[in-house]
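The chain contents come next:
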Amino acid sequence: MTTYVLRRLAFLVLSLLMASVVLFLLLRLLPGDPANALLSVGADPAQIAAARHQIGSDRPLPEQFAGWLHQLATFRLGNSFVSSLPVGPEIVTRLNVTVPLTLLSFLLALVVALPVGFLAAHRSRTWYGSLLNGVSQLGIAVPVFWVGMILITFFALRLGWLPAGGFPQDNWSDPGEALSSLALPVITVALVMSASLIRYVRSATLDVLGSDYLRTARALGATFTGAMWRHGLRNGAVPVISILGMELASTLLGAVVVETVFALPGLGSMLSQAVAQHDYPTLQGVLFVSTFAVLIIGFLADLAQRLIDPRLRGRLSGGAR
């Protein structure tokens, strides 16, 4: 297992290096001149040249890339072209909104999807099992921004129970106010995510219910609950864990939509602003941090699968020999 972890960590570092190359090249292919972020309309060629020199966009691409790698090696992400402030601390501040939003949505989706998905599979031949399956299919097709707008209209504008958007300027100094601001965004993301997770949980549960080992355990006298707890849970969890990792990563990357709908100052809104302003250091920093988070989530999900399933550990040790 140690060999596998070290190998995966080496792959993680290599993936981050490749991602830094791709991000650097793709951002330089975007239309527009980043020097315009520092200039007003009608700037003359001399002013444009001075702005390019100030932000370093007039340097050769290999030199710019070497500077980007040096910043990464020293755990810095450069300074914004627009504000001239360090990108790293600003990302940390924005993560105070995006990370709680993502994790709370993920936990709420799990609380909904696991029991509902199991019930939809266990009672698949009943009318309410079919209803749960149909509702989950409908939920997958519903856009997240539409769900957010419906919740704002009903719970914020009509009932006035929760704020329609925004986040406290003093961040988490008042946890109650911060959680109240995140309530509707969390519910929005959790509803859409749980619809997808219900389908995967249902599929994994159906595979377990139709397995030979579960029928054998029941034939030997085990109760349904005991057989599912001892034999079915572990086997059903392996494919679901992989999906959970993908859902968590996609929620983190898709935060830009929800944060725009609810006017949250998170990582997604920071990314959209950087795109509009051609702020290369901010774009690179946000995308690099997001890529790093996705790779870490994938690594942890893969590791959890091998810890749960002895067959994967055996295959790993056999490959090591």
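Calculation rules
- Residues numbered from 1 in each chain as written.
- Predicted model: local features only at pLDDT ≥ 70, side-chain atom pairs only at ≥ 80, totals over all residues.
- Heavy atoms only, no water.
- Helix = DSSP H or I, 4+ residues; strand = E, 2+ residues; numbered from the N terminus.
- Buried < 20%, exposed > 50% of the residue type's maximum accessible area, 1.4 Å probe, protein only.
- Areas by Shrake-Rupley, 256 points an atom, 1.4 Å probe, with all protein chains shown as cover.
- Core = buried A, V, L, I, M, F, W, Y, C linked by side-chain atoms within 4.5 Å.
- Contact = heavy atoms within 4.5 Å.
- pLDDT = per-residue confidence, 0-100.

## Things to note about the overall build of the protein
Part 1 of the argument: Helix and strand counts for the protein come out as 13 helices and zero strands.
Part 2 of the argument: The order of α-helices and β-strands along the protein, N terminus first, is α-α-α-α-α-α-α-α-α-α-α-α-α.
Part 3 of the argument: Residue burial in the protein is summarised as follows: out of 321 residues, 38% are buried.
Part 4 of the argument: Roughly 17,600 Å² of accessible area belongs to the protein as shown, and the carbon and sulfur atoms make up 67% of that amount.

## A look at the nonpolar core
Part 1 of the argument: Formed by 32 residues in total, the largest nonpolar core has its most connected members in L182, L197 and L264.
Part 2 of the argument: Taken together, the elements giving at least two residues each to this core come down to helix 4 (87-122), helix 6 (144-158), helix 7 (175-209) and helix 9 (224-253).
Part 3 of the argument: Among the elements that make up this core, the one with the highest residue count is helix 7 (11 residues).
Part 4 of the argument: What L197 contacts, discounting residues up to four positions off in sequence, is A109, L110, A113, I243, L244 and E247.
Part 5 of the argument: Membership of the second largest hydrophobic core comes to 13 residues, among which are F24, L77, I91 and F288.

## A closer look at the side chain of Q64
Part 1 of the argument: Position of Q64 relative to the elements: it lies in helix 3 (residues 61-73).
Part 2 of the argument: Those residues in contact with Q64 that sit more than four places away from it in its chain are F24, R28, G56, S57 and R59.

## Side note on the environment of G67
Part 1 of the argument: Of note, G67 is situated in helix 3.
Part 2 of the argument: For G67 and G78, which are 11 residues apart along the polypeptide, the C-alpha to C-alpha distance reads 9.3 Å.

## Quick word on the confidence of the model for the protein
Part 1 of the argument: The predicted model of the protein has a mean per-residue pLDDT of 79, with 90% of residues at 70 or higher.
Part 2 of the argument: Taken element by element, the predicted model of the protein shows its lowest mean pLDDT in helix 13 (residues 310-320) (53) and its highest in helix 4 (87).
Part 3 of the argument: Taken as a whole, residues 316-321 scores under 50 in pLDDT and shows three contacts with residues more than four places along the chain or in a different chain.

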